Every structure is written in structure tokens, then in C-alpha cells.
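So the chains spell out like this:
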Amino acid sequence: MNKLLNVSSSPHVRSTDTTQSIMLDVAIAMLPAAAFGVFQFGMHALLVLIVTVAACVLSEFVFEKIAKRKNTIADMSAVVTGLILALNMPADIPLWIPVLGSIFAIIVVKQLYGGLGQNFMNPALAARCFLLISFTGKMSSFTLDGWSGATPLAVLKTGGSVDVAAMFIGKIPGTIGEVSVIALLIGAAYLVFKKIISLRIPVTYILTVAVFAFIFGQQDMNFVLAHICGGGLIFGAFFMATDYVTSPITPKGQIVFGILLGVLTGLFRLFGGSAEGVSYAIIISNLMVPLIERVTLPKAFGKEGK
Amino acid sequence: MNKYIERLYNGIIKENPTFVLMLGMCPTLAVTTTAVNGIGMGLSTTAVLVFSNLLISALRKIIPDRVRIPAYIVIVASLVTIVQLLLQAYIPSLYNSLGIFIPLIVVNCIILGRAEAYAAKNGPVESAFDGIGMGLGFTVGLTCIALFRELLGSGAVFGMEIVPEDYRIAIFGLAPGAFFVLACLTALQNKFKAPSATNGSVSHSKLACGGNCMNCSGSACMSNHTTLESLRIQAQEEALAAKKAALAKKEAEMKAKMDKTEE
């Protein structure tokens with residue numbers, strides 16, 4: 001009983017999670033989608049993945065060396081940014097375009113604002129939108145098995161009908177990572193199982209898109225399912241909208257965030273000029289996060305009544 | 001003569017309206033898609049600025065203080081109309097590509113800013129030189145931004161296409177690109193401590209951090225704050241002492257004069 005106990009100030013409950021372990025889990029969760037992309041689109045997709053990740057890590061390393069900041073490439077966040085960006089690329093993109101995007105994502109969006117945790121929008125998505133505006137033609141020409149074709153959402157936009165089963169498996173043209181819903185769901189299940197993400201944002205997001213498509217699109221099960229499985233919705237909902245830095249931390253705020261994302265995506269897809277709108281919806285909603293957190297801040301214990 | 005050259009230096013480098021004063025952002029971001037547009041906009045503004053400064057300075061004792069802003073606007077608007085008609089008559093291509101931004105020179109904050117801050121308090125010739133300096137500074141700023149945007153966005157230098165179409169980054173031709181380029185150039189200007197009103201004044205060297213707020217936090221910030229504050233107080237006291245000395249000297253002179261007259 002006369003052993004001296006160590007008394008320290010709070011917090012006393014500690015988690016074994018570190019930035020590195022969380023980022024590693026996110027990267028692992030994206031592997032099924034990446035593997036499917038490589039399997040479907042061939043070796044050039046693998047090359048795009050490797051080059052983009054390498055460019056992100058290298059930009060982070062070089063910038064931190066020049067700015068004399070602490071070297072943070074070991075926390076894996078640059079790898080995750082690179083993976084997300086690469087999975088958002090068409091498979092046959094010339095390699096210098098994702099390299100340019102990586103530099104933009106890491107240096108302009110992340111490091112100039114102060115590094116991980118300070119970026120006001122998702123770096124990978126900001127870079128994708130940068131590239132989409134700059135190289136519209138190359139960023140939206142998709143080929144599958146040698147022939148170039150419209151994505152299912154573009155077909156829907158022009159009034160055609162699509163095969164939802166093929167979309168679920170991933171036998172459709174699109175970016176490297178977004179095509180296979182089943183591979184993405186396997187990764188998402190891993191994240192949910194490891195408690196890296198909660199289901200609040202993805203589920204409200206996808207449900208809102210479904211309801212929006214049902215009300216303002218066609219009252220047809222095939223149409224609604226195609227909107228859920230098509231484009232980057234599943235990928236965006238589970239992997240990009242749930243980014244810790246750029247999504248609300250309050251539970252109510254996460255639901256508001258999901259609904260906002262869904263409404264914006266629906267608006268862009270059904271009433272906008274292009275067939276897809278997930279990236280723009282996410283980065284615009286990222287900007288709203290501080291406001292959402294402000295109005296959904298939980299009351300402290302004992303102050304609920306006032 | 002020296003003070004006129006000082007005015008030019010002040011406008012082009014030390015208080016460059018684009019990179020230091022951050023004035024006239026609306027035309028800066030909107031018309032700098034090509035270098036020719038940048039130069040055209042800069043020179044049109046310069047022409048208006050020189051004559052508005054000259055006229056406002058000449059009329060500064062006639063214009064009643066209460067109605068000075070409407071009076072300035074009338075003067076500036078007349079000048080802008082002249083420039084607009086001249087451009088339409090002689091350089092219609094530039095007139096078409098600048099569009100609405102020519103009439104908008106009327107409300108350009110550089111022009112009203114210089115009228116208020118300089119022309120209303122100084123003589124006509126100095127004011128005209130101030131207009132030339134500020135106008136040229138604006139032209140240089142716009143042209144720099146436009147050169148980068150034209151090269152990156154549409155792969156051309158003064159309309160000569162040198163970059164193949166595949167390698168053009170279209171976003172630099174659009175509004176976000178204008179912000180990027182402006183931010184990067186201003187950052188470079190700050191980084192290399194180009195001589196300007198906001199860079200490198202003497203008192204900074206007395207601070208531990210060299211006046212750089214990036215490296216500052218917590219107690220270091222507080223101590224620097226007190227250093228700055230004490231420097232300021234010291235300067236005030238010095239000024240007061242100088243005033244007193246001057247007063248004493250005057251009194252002594254008066255006394256000497258009185259003594260002389262008494263004699």
C-alpha cells in the first residue's frame with residue numbers, strides 16, 4: 001500500500017489510435033477499390049496510382065524541407081490524399097496531370113493553410129476540381145475495354161436507361177476508384193468495423209440523394225438505384241465526406257452536413273450542366289462546416305434548459 | 001525635382017497599388033486574362049488618374065468640404081467618358097475586350113483614394129506626378145499578373161501562342177486563377193522584402209523575432225509587444241522634447257528681439 005501512485009492531470013482515458021494508424025486504415029480500406037480499378041483498366045491505372053501517391057508524398061517532403069517545418073510524411077496523410085486523388089482520375093490520363101494535381105493538393109490546399117488539420121477543404125477533392133476545370137476534356141473522357149463511352153450518369157442525363165447490376169459490380173466506364181460499388185462497400189465496412197468512421201454522414205448523404213432523385217427525377221426504382229450506384233457517390237460518401245478535418249464533429253452537425261451534401265449533389269446532377277456533382281458538393285459543404293458546427297454545438301451538462 | 005521622382009518611386013514600388021495597397025482589386029482580377037488587356041486597363045486608368053489628380057488638386061480650395069465626394073465623382077466621370085470615347089474611336093478591339101470595366105474606372109478605389117489621400121492636400125504638379133506614379137504602378141501590377149495568367153491559362157505571351165493546347169491550365173484564365181497568381185506574386189514580393197510601405201521599417205530590427213509574426217507565439221509575442229510599445233512611447237517623448245526645445249528657442253529669439261527693440 002505504500003507504493004507511490006502516479007497522479008497526472010486529465011485526460012486519463014487514452015486511445016491507442018494515432019493519426020498514422022487511422023490514415024493507414026483508410027488507405028487499407030481503399031485497396032479493394034484500387035485493386036478492382038487496376039484489374040478492370042489495366043496497368044496504366046496502377047501506374048497512375050503509384051505516381052500520384054509518390055508525387056503527394058514528395059511534395060509534402062519538399063515543402064516541409066523548404067519551409068523548415070516538422071517532417072510529417074510518416075503520418076500517412078499524404079498517402080491517403082494521393083490515393084483518393086488517384087482513384088478520382090480516369091485510367092488513361094497522361095501522368096503529368098495527376099502530378100500537377102498532387103502538388104496543388106498538398107502545397108496549396110494543405111500546407112499553405114498550415115498542414116494536416118488546418119486545411120479548410122479536402123485537398124484531394126480540391127485538386128480534382130482544379131484539374132476538372134483546367135483539363136475538362138481529358139478529365140472526363142473514360143474508356144473501358146478499348147472503347148470510350150459515356151458514364152451511366154451521362155446516359156441517364158440524356159434520357160437513356162442503364163444496367164444497375166453492372167454498375168454495382170463495376171463493369172462501367174468511370175474513374176479508377178469509383179466504378180465498383182461492391183469493392184467500395186467492402187472497404188467502407190472495414191472502416192465502420194474499425195470505428196474509423198461513423199455511418200451518420202454517409203447514410204444521410206446517400207438517403208438524401210435517393211429521396212431527391214425520387215422526388216425531382218423519375219419515380220422509378222431503376223433510376224434511383226442508378227443515381228446511388230453511379231458516379232462518385234458511394235466513394236465520396238464513405239471516403240471523402242467523412243474526412244475528419246473537413247466534416248463536422250458534432251453528431252447533429254454530421255446529419256445536417258449529410259443532408260446538405262445530398263441536396264447539393266442532387267441539384268448538380270439533375271439541374272446542373274454536368275452529369276456528376278459529388279466533388280463540387282463536397283467541397284462546397286466543406287466550406288459550410290464551421291457554420292454547421294456553430295449552430296449544432298451541444299449544450300454543456302447542466303445548461304440544457306436555458 | 002527630387003520630390004517628383006520620389007512620387008514616381010512611391011507609386012510604382014513603395015506603395016504599389018496592386019501588391020502593397022491592395023486597391024482596385026475588381027479590375028485587377030477581372031481584366032488580366034491577357035497581357036494586352038492588362039496594359040490597356042493600366043494605361044487607361046493612368047490617364048484618368050493623372051488628370052483627375054491634377055484637376056482635383058487645382059480645385060481643392062474651391063470645392064466645399066461637404067460635397068467633395070460628389071464633386072470628385074463628377075470630375076472623374078467626365079474624364080472616364082473622354083477616355084472611353086477615345087478608346088472606342090481609336091482602339092475598338094481593346095474597347096470591346098475591356099467592356100464594362102472602362103466605365104467602372106469611375107468607382108475605382110485607386111482614383112478616389114488618391115484624390116482623398118493626396119490630391120486634396122497637395123499642389124497640382126505633385127498630384128499629377130503622384131497620379132503618374134500610381135498609374136504606372138497599377139499598370140506594372142496588372143501586366144505582371146496578366147503575363148502569368150496568359151502564359152499558364154492560354155499558353156501565349158502577348159498573343160503569341162507558345163504552349164501547345166494540351167498543356168494549358170485553363171483555370172488560370174478564370175477567376176480562381178487570378179486569385180492564385182495575385183496571391184503568389186504578393187507572397188513573393190513579401191518574401192524577398194521588396195522595398196514597400198509594409199516591409200522592413202527600422203524598428204523591426206530591434207525585435208527578437210525581426211518583426212516576423214510567423215515565428216511568434218505566447219510569451220515571446222507579449223515581450224515583443226511591450227518592446228514595440230516602449231519604442232513608440234520613446235518616440236513620442238522624443239518628439240515632445242524636440243517640440244519643447246523648438247518652443248524654448250523661439251522664446252529666446254523673441255526675447256533677444258525684444259531686448260534689441262528696447263535698446
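Residues numbered from 1 in each chain as written. Chains lettered and ligands numbered in written order. Predicted model: local features only at pLDDT ≥ 70, side-chain atom pairs only at ≥ 80, totals over all residues. Heavy atoms only, no water.

Colleague: So what's going on with the interface of chain A and chain B? Which residues, and what values?
Modeller: Between chain A and chain B, the contact holds 9 residues from the first and 9 residues from the second. Taken together, the links from chain A to chain B amount to 1 salt bridge. Residues A:Lys138 and B:Asp166 are paired through a salt bridge, measuring 3.9 Å at the closest nitrogen-oxygen approach. At the level of secondary structure, the elements contributing two or more residues to the side of chain A that touches chain B comprise helix 4 (96-111) and helix 5 (123-134) of chain A. Sort the elements by how many residues they give to the side of chain A that touches chain B and helix 4 of chain A lands first, with 4 residues. (Contact = heavy atoms within 4.5 Å. Salt bridge = Lys/Arg side-chain N within 4 Å of Asp/Glu carboxyl O. Helix = DSSP H or I, 4+ residues; strand = E, 2+ residues; numbered from the N terminus.)

Colleague: Kindly report on helix 2 (residues 43-66) of chain A, identifying the contributing residues and their values.
Modeller: Residue and element names in this part refer to chain A. For helix 2, which comprises 24 residues, the first-to-last C-alpha distance of 34 Å matches the rise-based estimate of 34 Å (1.5 Å per residue) to within 8%. Turning to helix 2, the residues buried within the fold contact helix 1 (19-41), helix 3 (77-87) and helix 4. Just beyond helix 2, the residue with positive phi is Lys68, at close to 55 degrees. (Expected span 1.5 Å × (residues − 1).)

Colleague: Help me get a handle on the packing of helix 1 of chain A against helix 3 of chain A, residues and values and all.
Modeller: All names here are of chain A. Following both chains from N to C, one finds helix 1 and helix 3 inclined at 20 degrees, their axes separated by 9 Å at the closest point. The orientation of helix 1 relative to helix 3 falls into the category roughly parallel. Our pair here, helix 1 against helix 3, has a crossing hand that is left-handed. Contact residues: helix 1 offers Met23, Val26, Ala27, Met30 and Ala34, while helix 3 offers Ser77, Val80, Leu83, Ile84 and Leu87. Each residue belonging to the contact of helix 1 with helix 3 can be placed in one class, and the counts come to 9 nonpolar, 1 polar and no charged. (Axes fitted to C-alpha atoms, helices over the stretch in contact; angles between N-to-C directions. Parallel < 35°, antiparallel > 145°, perpendicular 65-115°, else oblique. Left-handed = near helix turned anticlockwise from the far one by under 90°. Nonpolar A, V, L, I, M, F, W, Y, C, P; charged D, E, K, R; others polar.)

Colleague: So what about the confidence of the model for chain B? Which residues, and what values?
Modeller: All names here are of chain B. Taken as a whole, chain B shows an average pLDDT of 83; of its residues, 85% reach a score of 70 or greater. When the criterion is pLDDT under 50, residues 201-217 qualifies, and its contacts beyond four places in sequence or with other chains add up to 13 contacts. As a predicted assembly, this complex carries a pTM of 0.78 together with an ipTM value of 0.78. (pLDDT = per-residue confidence, 0-100.)

Colleague: Explain unusual backbone geometry residue by residue, including any values.
Modeller: One non-glycine residue, A:Met76, lies in the positive phi region at around 70 degrees. Mapped onto the elements of the fold, A:Met76 is located in the loop between helix 2 and helix 3. In this structure, B:Met22 takes a positive phi of about 55 degrees despite not being glycine. Within the element layout of this structure, B:Met22 appears in the loop between helix 1 (2-14) and helix 2 (25-30). Relative accessible area serves as the criterion here: at 36%, B:Met22 is assigned to the partly exposed category. (Buried < 20%, exposed > 50% of the residue type's maximum accessible area, 1.4 Å probe, protein only.)

Colleague: Give a description of the packing of aromatic side chains that names residues and reports values.
Modeller: One pass over the full model with this rule turns up 14 aromatic pairs over all chains. Their ring planes at 25 degrees and their centres at 4.9 Å tell us that B:Tyr4 and B:Phe129 sit as a pair that is stacked. One end of the pair, B:Tyr4, is in helix 1; the other, B:Phe129, is in helix 7 (residues 124-154), with 125 residues separating them in the sequence. Aromatic ring contacts, followed pair by pair, group A:Phe104, A:Phe130, B:Phe172 and B:Phe180 into a single cluster. (Phe/Tyr/Trp six-rings, centres within 6.5 Å; stacked < 30°, edge-to-face > 60°.)

Colleague: Which residues make up the nonpolar core, and what values go with them?
Modeller: Ranked by size, the top nonpolar core spans 94 residues in total, and within it A:Met30, A:Met139, A:Tyr205, A:Phe235, A:Phe239 and A:Ile282 carry the most contacts. A total of 11 residues in this core trace back to one element, the largest contributor, which is helix 1 of chain A. With 27 residues, the next largest nonpolar core counts B:Ile110, B:Ile111, B:Ala119 and B:Leu142 among its residues. (Core = buried A, V, L, I, M, F, W, Y, C linked by side-chain atoms within 4.5 Å.)

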